[in-house]
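Residue strings, one per chain:
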Amino acid sequence: MEILVVGGGVIGLSVAINLLLAGHKVKLAVRDRKEGASWVAGGMLAPFSEGLEGELLRFSVESLHLWHEYLDRLQDISGRRVYFSEGILRLALTEEEEQDLREKVKRYSSEFCKSVASYETEELLCEFPYITKDVRYAVLYGEEGNVDTEELMEALYVAFEKLGGELLNEDIVRVRREGERIEKVFSVFGEFTADFYVFATGAWLKEHFNFPVFPVKGHILRINAPLKDYVLYSSAAYIIPREKDVLVGATTENKGFDRRITLGGVKQLTEGAARVVPSLQEAELLEVRVGFRPGTPDEKPVFYFGENFLVLGGHYRNGILHAPLTAEIALRFVDKGEVSEYFKSFSPYRFK
Ligand code: GLY
C-alpha cells in the first residue's frame, strides 16, 4: 500500500518505520523537522513516576514493555547508538506526597512493576548524599527508563531513510474528507493522494481535525553538572543525568504556542532543581528550550480511524513512552484491519 504519514515526531516516525518494515511504501510529510515536542522532551519512560492511572496506565505499561525491543531494532536498522538509562527515583518532598507515593507503590508493585526499591530518608541520603535532606521517602522504579531524545530522533530519521521511506518537506494545510474517507491532502503548493493516511501531528492536530488537542508549553533546561546516577523525579523538578549533560524539566503552561523563554519559566526550574539537589545552585546553565506537548482535557491520547486513515494524537506528557505501542496498533490496523481496544478507550467521542 502507499501510505502518507503526516507529522515527523516520535509517533509519526515510529509508525512510518513499522509500516516500511511490513513492506509498505511510505511517505512522511514534515514541515519542520525540529518543530515537535519529541526533540525537547526529557525522554522519561515513567508511567509510575508520573502517577498514571486506569486505561492510560495500562496502555503506558504495555508500551514500556515494548521499549527494549523497539530500541534494539532501531539501533540495528539505523546503525546509531541511542543513550538509554534504567531506573527512575521518585521522590516525595511533602507529607501529602509521601502518603500518595506509599499508596501508589503498593498498588503498582502488586500489579505492574516488579523491580521496586523503597527508601526511607536516611537510607536514601546514605546512598545519594547530594539529594536534599528535606526528602521524606523515595521509590526506585527499576523498570522505568530514560532515553536521549535527540539521539532517538536522529536514529529514527536515519532508519526511515535507510528503509526507503520518502521524506516530503511539506506543510499539509488542508484535508479533503468525504465522510469517513480522505480523498486528498493539500500543501501550500501541491496535492497528495495515498491509499492510506496517518495523522500524527502532535500539538498541531487541530489544524486537520476538530478534536480537543491543544499545546501545553514546557520549558526545559540543559545544564552542566557532575550528576551520574538515576533520573530524579519530583514535583519541584525532574533531573535527568545523561552522558553529555543534565536536563532539568519541565514547566507545564497553558499559553498556546508561546515560544518565548521567560524568566518565570527559568526561575521555576532553577529553584526546583536546587530544591532537589542543593549543589545545583552552582551548575552551569547551557541552554533553555521550549516545547509544546499535545494536551487533551483528560490528559489521555486521542485515537481515531476512518475507512482509509488513522489519527494518533494527544500523547501529552508521554509521547516517547507511547511510541512503540502506538506504532504496533497502527500496523495491526493497516495490515489486518484489527481495531485495538484503545481506539475505544481513547476515542474523541468521549468529549461529546
Ligand atoms: N514527561 C514529562 C513532561 O512532559 O514534562
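Bear in mind that the values here come from a model prediction, so they are computed numbers and not experimental data.

Draft legend 1. Local environment of the nonpolar core. Of all hydrophobic cores here, the largest spans 64 residues; its most connected members are Val10, Leu19, Phe48, Leu152, Leu156 and Val198. Among residues more than four places away in sequence, those in contact with Phe48 are Leu57, Val61, Leu64, Tyr108, Phe112, Cys113, Tyr141 and Glu144. Ranked by size, the runner-up nonpolar core spans 28 residues in total, among them Leu91, Val246, Val248 and Ala273.

Draft legend 2. Examining the packing of helix α1 (residues 10–21) against helix α5 (residues 149–162) more closely. Running from N to C, α1 and α5 point in directions that differ by 30 degrees, and their axes come no closer than 10 Å. Taken together, the axes of α1 and α5 are roughly parallel relative to one another. Judged by the twist between their axes, the crossing of α1 over α5 is left-handed. Side by side, α1 and α5 meet where Val10, Leu13, Ser14, Ala16, Ile17 and Leu20 of the first sit next to Leu152, Met153, Leu156, Tyr157, Ala159 and Phe160 of the second. Tallied by class, the residues present in the contact of α1 with α5 amount to eleven nonpolar, one polar and no charged.

Draft legend 3. Representation of a nonpolar patch on the surface in the model. A surface patch of nonpolar side chains, about 370 Å² in accessible area, is lined by Val173, Val188 and Phe189. Here Val188 shows up in the loop between β9 (181–187) and β10 (191–192).

Draft legend 4. Looking closely at the environment of Ser118. You can see Ser118 is positioned in strand β5 (residues 116–120). When neighbours within four sequence positions are excluded, Ser118 is seen to be in contact with Glu123, Tyr137, Ala138 and Val139. Side-chain polar atoms of Ser118 contact the side chain of Tyr137, separated by 3.2 Å.

Draft legend 5. The sheet that holds strand β11 (residues 196–199), seen in detail. Taken in spatial order, the six strands make up an open sheet running β7-β2-β1-β11-β18-β17, and their pairing is mixed. In this open sheet, the two strands that pair with only one neighbour each are β7 (166–168) and β17 (302–305). The mean inter-strand angle of the sheet, taken between neighbouring strand axes irrespective of direction, is 15 degrees. Bridge analysis of strand β1 (residues 2–6) against β11 gives four bridges, and the strand direction is parallel. In the sheet register, Ile3 faces β11, and the bridge partner there is Phe196.

Conventions we followed
- Residues numbered from 1 in each chain as written.
- Predicted model: local features only at pLDDT ≥ 70, side-chain atom pairs only at ≥ 80, totals over all residues.
- Heavy atoms only, no water.
- Core = buried A, V, L, I, M, F, W, Y, C linked by side-chain atoms within 4.5 Å.
- Buried < 20%, exposed > 50% of the residue type's maximum accessible area, 1.4 Å probe, protein only.
- Contact = heavy atoms within 4.5 Å.
- Axes fitted to C-alpha atoms, helices over the stretch in contact; angles between N-to-C directions.
- Helix = DSSP H or I, 4+ residues; strand = E, 2+ residues; numbered from the N terminus.
- Parallel < 35°, antiparallel > 145°, perpendicular 65-115°, else oblique.
- Left-handed = near helix turned anticlockwise from the far one by under 90°.
- Nonpolar A, V, L, I, M, F, W, Y, C, P; charged D, E, K, R; others polar.
- Patch = residues over 30% accessible without salt bridge, like charges linked within 9 Å, V, L, I, M, F, W, Y side chains within 5 Å.
- Areas by Shrake-Rupley, 256 points an atom, 1.4 Å probe, with all protein chains shown as cover.
- Salt bridge = Lys/Arg side-chain N within 4 Å of Asp/Glu carboxyl O.
- Polar contact = N/O pair within 3.5 Å; in protein donor to acceptor, adjacent residues only side chain to side chain.
- Pairing = 2+ DSSP bridges.

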